[in-house]
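Here is how the chains run, residue by residue.
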Amino acid sequence: MKVNEATVRHVARLARIKVSAEEAKNLERELSGILDWVEQLGEVDTSQVEPMTRMAGMALPRRDDEVSDGGYADAIVKNAPASEDHFFMVPKVVE
Amino acid sequence: MTIETRPENLIEGATGPWEIVIGLEVHAQVTSKSKLFSGASTEFGGEPNNHVSLVDAAMPGMLPVINQECIAQAIRTGLGLKAQINLFSVFDRKNYFYPDLPQGYQISQYKFPVVGEGKVIIDMKDGYTFEVGIERLHLEQDAGKSLHDQHPDYSFVDLNRSGVALMEIVSKPDLRSSDEAKAYITKLRTILRYLGTCDGNMEQGSMRADVNVSVRKPGDDLGTRCEIKNVNSIRFIGQAIDYEARRQIGVLEDGGKIDQDTLLFDPKTGKTRSMRSKEEAHDYRYFPDPDLLPLEFDQDYVDELASALPELPDEKRARFISEFGLSPYDAGVLVSDKENAEYFEAAAKGRDAKMVANWVMGDLFAALNRLSKSITESPVTAQHLGEMVGMIADGAISGRIAKDVFEIMVETGEAPGKIVEERGLKTITDTGAIEKVIDEIIAANPKQVEQVKAKPKTLGWFVGQVMKATGGKADPGAVNAMLRERLDVTE
Amino acid sequence: MSELTSLTIADARDRLRKKEITASELTDAHISAIEAANEALQAYVLITADKAREQSKAADTRLAKGKGLPLDGVPLGIKDLYCTKDVRTTACSNILDGFTPAYESTVSQNLWNAGAVMLGKLNMDEFAMGSSNESTCFSPCVNPWRKKGSTKALVPGGSSGGSASAVSARIAMGATASDTGGSIRQPAAFTGTVGLKPTYGRCSRWGLVAFASSLDQAGPITRTVRDAAIMLTQMASHDPKDSTSSNAKVPDFEKALTGKVKGLKIGIPKEYHVDGMSPEIEALWQQGIEYYRAAGAEIVDISLPHTKYALPAYYIIAPAEASSNLARYDGVRYGLRKPGKDLIDTYEETRSAGFGAEVKRRVLIGTYVLSAGYYDAYYLKAQKVRTLIRRDFDEAFKAVDVVLTPATPTPAFGIGEASGDPVEMYLNDVFTVTVNMAGLPGLSVPAGFSKDGLPLGLQLIGRPFDEETVLRAGQVIEDACGPAPMPAEWWLAEGAAAKPAKSAKPSAKSAASKSKSSAAKPKKQKKSSR
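Residues numbered from 1 in each chain as written. Chains lettered and ligands numbered in written order. Predicted model: local features only at pLDDT ≥ 70, side-chain atom pairs only at ≥ 80, totals over all residues.

### Describing the overall build of chain B
Per the secondary structure count, chain B includes 15 helices and 17 strands. Relative to its length of 491 residues, chain B is extended, with a C-alpha radius of gyration of 31 Å against a globular reference of 23 Å. Taken over 491 residues, chain B has a buried fraction of 43%. Relative to all contacts within chain B whose residues are 6 or more apart in sequence, the contacts with residues 24 or more apart total 68%. (Helix = DSSP H or I, 4+ residues; strand = E, 2+ residues; numbered from the N terminus. Rg over C-alpha atoms; globule rule 2.2 N^0.38 Å. Buried ≥ 20, exposed ≤ 12 C-beta atoms within 10 Å, placed from the backbone. Contact = placed C-beta atoms within 7 Å.)

Now the structure itself:
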């Protein structure tokens with residue numbers, strides 16, 4: 001078993017997904033299965049290999065510094081579950 | 001580089017002296033019209049969520065495209081910090097959940113920042129100079145703003161700042177007192193303002209600092225540090241450091257230990273306290289943002305930006321010393337603010353620069369303070385001040401008269417020549433007129449005339465009388481000489 | 001099936017230009033076909049009849065003036081992964097419940113600019129994660145094809161199951177789809193349709209709900225190779241809003257269909273003979289090789305040594321990127337919110353209720369492989385393996401022009417038939433995923449039938465931005481065995497009878513969604529009247 005229930009809970013917490021006790025059990029099995037399966041990558045010698053970061057021959061495009069967007073607060077909040085005066089509303093945050 | 005902590009920077013505890021070790025992570029808002037990865041405005045304030053694009057609100061399927069001016073600004077800043085510019089850097093995603101972080105990650109630079117190691121030289125008031133190492137500078141997105149006081153049960157989220165470009169400038173732990181820390185951020189702000197890469201406006205949050213503080217016995221290894229988040233004024237940075245250092249020393253001297261922690265500084269109480277909300281967001285799961293390619297540019301591009309860089313405070317200071325013969329201290333004071341330096345240089349053109357410096361740092365600063373005006377709003381223009389100093393130099397007015405003239409300039413903003421002319425304050429150079437006054441005074445004061453023969457020191461009394469009678473407009477030197485001759489006082 | 005719905009895009013285009021038919025007729029024929037079939041097939045999760053009629057009228061006006069656009073009046077289905085302005089877009093996830101974008105994806109906008117007509121939004125696996133379309137928040141989409149003499153509902157494949165099912169069933173003339181690990185090519189193979197996954201960067205990702213940014217690519221599902229070429233020509237563009245969009249020139253892909261393959265070098269990779277591959281797939285592949293020999297192409301045996309590592313590497317990279325891409329679904333700005341006792345609890349309740357099992361699984365795997373200490377061992381390692389996979393192809397393409405492989409290891413399977421083991425389901429992508437890892441163009445073409453009458457496909461893989469050769473080569477297979485015929489229209493006879501078990505609740509949901517779309521109409525009018 002690669003992952004135990006504690007790991008599942010920790011990861012679920014990081015991902016902000018609530019998991020029931022039963023889900024946690026299944027996930028423990030499934031995640032372990034997937035991780036065991038990807039273990040085979042260990043067979044590949046990548047010591048001299050660069051990671052692939054892009055398709056060949058592409059460079060990062062850059063925009064000019066112009067104000068070309070924004071100014072439509074209605075559209076920004078129109079799908080919000082809760083909003084007031086163009087603010088999004090979330091359960092109170094304690095800092 | 002090991003830093004020799006100056007004795008005055010050690011804190012005396014119950015168990016002997018302690019050393020504070022401080023490092024700053026300064027978040028400086030890049031001066032640009034639009035955001036780092038979207039075309040929305042960076043303008044401060046504005047209606048909630050109005051300076052927000054679909055990208056800034058992290059709508060499904062939205063993608064970042066980088067603003068090239070922000071890249072240029074980061075490189076300029078790196079050059080200003082005498083730092084290594086990296087021709088290859090990478091944007092990573094820093095993953096954590098927070099309502100003002102719409103994407104659920106911040107686009108930042110982790111393993112490969114655009115700027116590497118650099119340094120800042122700092123001159124302290126009491127004359128000593130030290131160097132602070134810069135660890136790195138990287139570009140990242142600012143977050144939105146959560147307002148917690150609008151509603152009993154809800155926080156309100158405004159994304160206007162979300163996606164604005166920040167430079168995170170990380171210092172090495174080279175600072176040893178709150179004064180050094182304050183001097184460092186002050187100097188850093190001066191450099192950024194000279195470069196025009198950040199307006200340094202802390203009230204509007206254009207500059208904030210995360211302050212890392214630890215304490216140790218001199219010579220010991222580094223202690224466990226605590227990070228005070230988001231301190232937004234130079235004064236608070238000082239207070240936060242002093243409080244936090246004392247707190248840590250207290251804990252350690254009571255036999256406790258410091259746990260690494262993220263703190264908030266409360267200006268009302270002047271205390272730091274542990275931050276609840278970010279408690280377990282420490283596993284940021286950085287990885288290269290697959291929506292962006294690596295950031296690459298060539299040395300020619302860097303050189304091009306370097307050649308267009310303005311004169312920076314250190315160079316200006318050196319030039320003021322060599323070119324104008326100012327004292328290092330005076331030069332330092334003048335360059336610490338770009339506008340002051342520019343004013344001085346304009347006024348000093350072709351004048352006695354030392355005298356100009358004294359007037360700027362003395363009467364002018366005092367007057368501006370009184371009027372609570374900035375130097376750019378000064379009623380006395382640099383040109384007028386220069387003219388006035390010129391008039392003193394060629395004896396057109398005496399230093400005493402100059403004080404009056406200056407006050408009138410402050411009130412009226414008029415040119416010194418005009419003031420002197422209209423109010424007849426010009427020095428009397430017509431010897432005949434002075435002769436006449438001297439005759440009258442000698443005639444009117446036989447007793448003193450007797451006295452001066454015995455006691456030549458009393459000549460000064462005559463000088464005073466003549467100056468009084470001429471309303472200070474006579475040249476004291478000339479008066480003195482003429483009196484000696486008339487009263488044949490030799491020694 | 002009406003004669004109109006059986007037309008290919010190419011035929012329809014020509015007959016519209018000749019004014020033999022009108023766009024409105026064509027659209028109405030499709031809408032009635034959808035109404036007759038969708039209850040059984042669940043291909044559409046939202047039908048936009050009004051928008052379709054609006055667009056087809058406009059097309060007719062242009063055509064009447066003889067000013068027809070390239071796709072004027074062609075009725076298409078749009079995968080629900082594409083954000084469509086003022087039309088509900090959910091990626092078939094509850095977490096995007098009722099989300100109505102204020103913007104249109106670049107690729108769909110390109111199609112509307114070319115005169116195409118939108119019939120509705122197509123079913124898919126939630127967030128494009130799946131190979132069977134069973135992990136949709138609506139009813140699972142059903143394959144129009146059935147085994148000989150069986151009434152058992154089969155999966156159309158995934159994630160673009162709705163696109164494949166609709167095109168196969170003649171309820172869309174063509175459809176947009178997306179392919180991250182095989183999501184265009186595998187369902188195309190399962191439904192007897194043509195699926196084209198273009199080179200990474202060929203089509204803009206702007207407005208496409210993101211799954212795995214470095215792998216996602218938009219593409220068409222059609223009934224013929226020519227139609228795929230026609231659609232790609234309009235879908236592709238350089239988009240300044242997408243930093244990974246290529247500025248390679250977009251040719252008229254239809255012009256590439258010269259039929260000339262004499263001397264073309266076809267690579268046959270030995271590593272694609274995987275264990276567990278059904279003998280009929282093996283036979284199909286041999287048959288394909290024969291087609292090319294017959295056409296005068298040259299067959300070259302090649303090796304792609306790192307093939308077996310593509311799938312495990314993919315199942316690190318895709319979930320890792322997904323775990324981050326899906327972090328924005330937090331119930332703050334749009335979509336579902338399930339209130340909890342505090343903020344964090346609200347996040348956890350919302351994401352737990354909003355994501356389905358497969359999405360949760362992948363988000364958690366992705367979170368795990370990126371979490372402290374594991375980055376180098378998993379993500380970085382996988383990206384290095386990816387470089388090796390790309391190198392394998394670069395080497396191969398020095399010797400050959402295209403690579404020929406099977407599209408899938410098996411024909412379509414039954415709904416609910418797959419074992420619960422995720423890894424087994426992942427193996428569906430074994431032949432397709434290498435193409436995404438290397439960012440290459442891949443085409444799935446119908447090449448025959450299994451012994452019990454299910455469609456099978458072969459895959460062609462090409463050099464970066466050489467979709468032209470891939471399409472030209474693909475047509476050899478199509479010419480040899482002809483486009484897959486129309487599946488028997490059992491749904492007309494059985495109507496609603498053949499609904500999969502799970503459908504009761506969610507199909508009510510998709511019905512609700514239709515009413516939502518009509519509820520959205522006044523808003524639309526307000527906008528246009530501005």
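### Brief notes about the overall build of chain A
On a plain count of helices and strands, chain A comes out with three helices and three strands. Along chain A, helices and strands appear, N-terminal first, in the series α-α-β-α-β-β. In terms of C-alpha radius of gyration, chain A reaches 23 Å, well past the compact-globule figure of 12 Å for 95 residues. With respect to the principal axes defined by its C-alpha atoms, chain A has extents near 55 × 45 × 25 Å. Counting all 95 residues of chain A, 31% fall into the buried class.

### Topic: the interface of chain A and chain C
Opposite the 36 residues of chain A that make contact, chain C presents 51 residues. Among the elements of the structure, helix 1 (5-14), helix 2 (21-38) and strand 3 (87-91) of chain A are those that each provide at least two residues to the side of chain A that touches chain C.

### As for the interface of chain B and chain C
Tallying the contact residues gives 25 residues for chain B and 34 residues for chain C. Of the residues belonging to the side of chain B that touches chain C, the class tally is 17 nonpolar, four polar and four charged. (Nonpolar A, V, L, I, M, F, W, Y, C, P; charged D, E, K, R; others polar.)

### A word on the sheet that holds strand 9 (residues 145-147) of chain B
Taken together, the four strands give an open sheet; going across it, the order is 2(A)-3(A)-10(B)-9(B), and neighbouring strands pair in antiparallel fashion. Two strands close off the open sheet at either side, each with one partner strand: strand 2 (83-84) of chain A together with strand 9 of chain B. Sheet analysis places strand 9 of chain B next to strand 10 (residues 154-158) of chain B, joined by three bridges and oriented antiparallel. If you follow Ser 146 of chain B over to strand 10 of chain B, its bridge partner there is Val 157 of chain B. (Pairing = 2+ DSSP bridges.)

### A short note on the environment of Ala 347 of chain B
Note that Ala 347 of chain B resides in helix 7 (residues 338-348). Separated by 37 residues in the primary sequence, Ala 347 of chain B and His 384 of chain B place their C-alpha atoms 7.7 Å from one another.

### Structural notes on the nonpolar core
Ranked by size, the top nonpolar core spans 266 residues in total, and within it Val 211 of chain B together with Leu 76 and Ile 316 of chain C carry the most contacts. If one sorts the elements of this core by residue count, helix 9 (residues 307-325) of chain C sits on top with eleven residues. Every residue in contact with Leu 76 of chain C, bar those within four places of it in the chain, is listed here: Leu 111, Ala 116, Val 117, Met 118, Leu 119, Ala 172, Met 173, Gly 174, Ala 175 and Thr 176 of chain C. Membership of the second largest hydrophobic core comes to 32 residues, among which are Ala 348, Ala 357, Val 360 and Leu 364 of chain B. (Core = buried A, V, L, I, M, F, W, Y, C linked by C-beta atoms within 7 Å.)

### Thoughts on the pairing of strand 15 (residues 271-274) of chain B
It is a general feature of regular strands that their side chains alternate between the two faces of the sheet. Residue and element names in this part refer to chain B. The pairing of strand 14 (residues 261-266) with strand 15 spans four bridges and is antiparallel. Bridged to Leu 263 within strand 15 is Ser 274. In sequence, strand 14 turns back onto strand 15 through a hairpin of four residues, with Gly 270 there showing a positive phi of about 70 degrees.

### So, the confidence of the model for chain A
Close reading of the predicted structure is inappropriate where its pLDDT is low. Chain-level statistics for chain A give a pLDDT mean of 93 and a share of 97% at 70 or above. Per-element averaging of pLDDT across chain A places helix 2 of chain A at the bottom with 93 and strand 1 (residues 62-63) of chain A at the top with 98. (pLDDT = per-residue confidence, 0-100.)

### Comments concerning the environment of Gln 42 of chain C
Residues and elements named next belong to chain C. With respect to the helices and strands, the residue Gln 42 is situated in the loop between helix 2 (23-41) and strand 1 (44-47). By the C-beta count within 10 Å, which is 28 here, Gln 42 ends up buried. Distance from Gln 42 to Pro 140, taken between C-alpha atoms, is 6.8 Å for residues 98 residues apart in sequence.

### Description of unusual backbone geometry
That bond from Gly 158 of chain C to Ser 159 of chain C is cis: its omega, 5 degrees, falls within 30 degrees of zero. Within the secondary structure, Ser 159 of chain C sits in the loop between strand 3 (117-122) and helix 5 (161-168). One non-glycine residue with positive phi stands out, namely Arg 16 of chain A, at about 55 degrees. Here Arg 16 of chain A lies in the loop between helix 1 and helix 2. A residue is classified by how many C-beta atoms lie within 10 Å of it, and Arg 16 of chain A, with 24 of them, is buried. A positive phi angle, close to 55 degrees, is found at Asn 230 of chain B, a residue other than glycine. For Asn 230 of chain B, the position within the fold is in strand 13 (residues 226-231). Residue Asn 230 of chain B is classed as partly exposed on the basis of its C-beta count, with 14 C-beta atoms lying within 10 Å.

### Focus: the sheet that holds strand 9 (residues 402-406) of chain C
Residue and element names in this part refer to chain C. If you walk across this open sheet you meet the eleven strands as 1-3-2-4-6-5-10-11-9-7-8, and the pairing is mixed. Two strands close off the open sheet at either side, each with one partner strand: strand 1 and strand 8 (298-302). Taking the axes of each pair of neighbouring strands and ignoring which way they run, one obtains an average angle of 30 degrees across the sheet. Note that strand 7 (residues 265-269) and strand 9 share two bridges and pair parallel. Bridged to Ile 266 within strand 9 is Val 402. (Axes fitted to C-alpha atoms, helices over the stretch in contact; angles between N-to-C directions.)

### Considerations on the packing of helix 1 (residues 68-80) of chain B against helix 4 (residues 299-307) of chain B
Residues and elements named next belong to chain B. For the pair helix 1 and helix 4, interaxial distance at closest approach is 10 Å and the crossing angle is 70 degrees. In this view, helix 1 runs roughly perpendicular relative to helix 4, as classed from their interaxial angle. The handedness of the crossing between helix 1 and helix 4 comes out as right-handed. Packed against helix 1, whose contacting residues are Ala 72, Ile 75, Arg 76 and Leu 79, the element helix 4 presents Val 302, Leu 305 and Ala 306 at the interface. Partitioning the contact of helix 1 with helix 4 into residue classes produces six nonpolar, no polar and one charged. (Parallel < 35°, antiparallel > 145°, perpendicular 65-115°, else oblique. Left-handed = near helix turned anticlockwise from the far one by under 90°.)

### Notes on helix 1 of chain A
Among all positions of helix 1 of chain A, only Val 8, Val 11, Ala 12 and Leu 14 of chain A are buried. One side of helix 1 of chain A carries all its buried residues, which in axial view fall inside an arc of 155 degrees. On its buried face, helix 1 of chain A sits against helix 2 of chain A together with helix 11 (357-370) of chain C. Phi for Arg 16 of chain A, located one or two positions after helix 1 of chain A, is positive at around 55 degrees. (Arc of directions from axis to C-beta.)

### Some remarks on the packing of helix 9 (residues 382-393) of chain B against helix 10 (residues 399-412) of chain B
Residues and elements named next belong to chain B. At a minimum axis distance of 10 Å, the contact between helix 9 and helix 10 shows a crossing angle of 165 degrees. With respect to helix 10, the element helix 9 is oriented roughly antiparallel. Crossing angle aside, the handedness with which helix 9 passes helix 10 is right-handed. Contacts from His 384, Met 388 and Ile 392 of helix 9 reach helix 10 at Gly 399, Ala 402, Val 405, Phe 406 and Met 409. The residue makeup of the contact of helix 9 with helix 10, split by class, is six nonpolar, two polar and no charged.

### A closer look at the confidence of the model for chain B
In the predicted model, chain B carries a mean pLDDT of 92, and the fraction of residues at 70 or more is 98%. Here the predicted complex carries an ipTM of 0.93, next to a pTM of 0.90.

### Re the pairing of strand 6 (residues 217-222) of chain C
Residues and elements named next belong to chain C. With six of its six residues buried, strand 6 lies for the most part within the structure. With burial as the criterion, each face of strand 6 is covered, one bearing Gln 217, Gly 219 and Ile 221 and the other bearing Ala 218, Pro 220 and Thr 222. Pairing of strand 4 (residues 174-179) with strand 6 involves five bridges; the strand directions are antiparallel. What sits directly across from Ala 177, in strand 6, is Gly 219. Relative to strand 6, strand 5 (residues 194-197) runs antiparallel, the two sharing two bridges. Paired with Gly 195 across the bridge in strand 6 is Ile 221.

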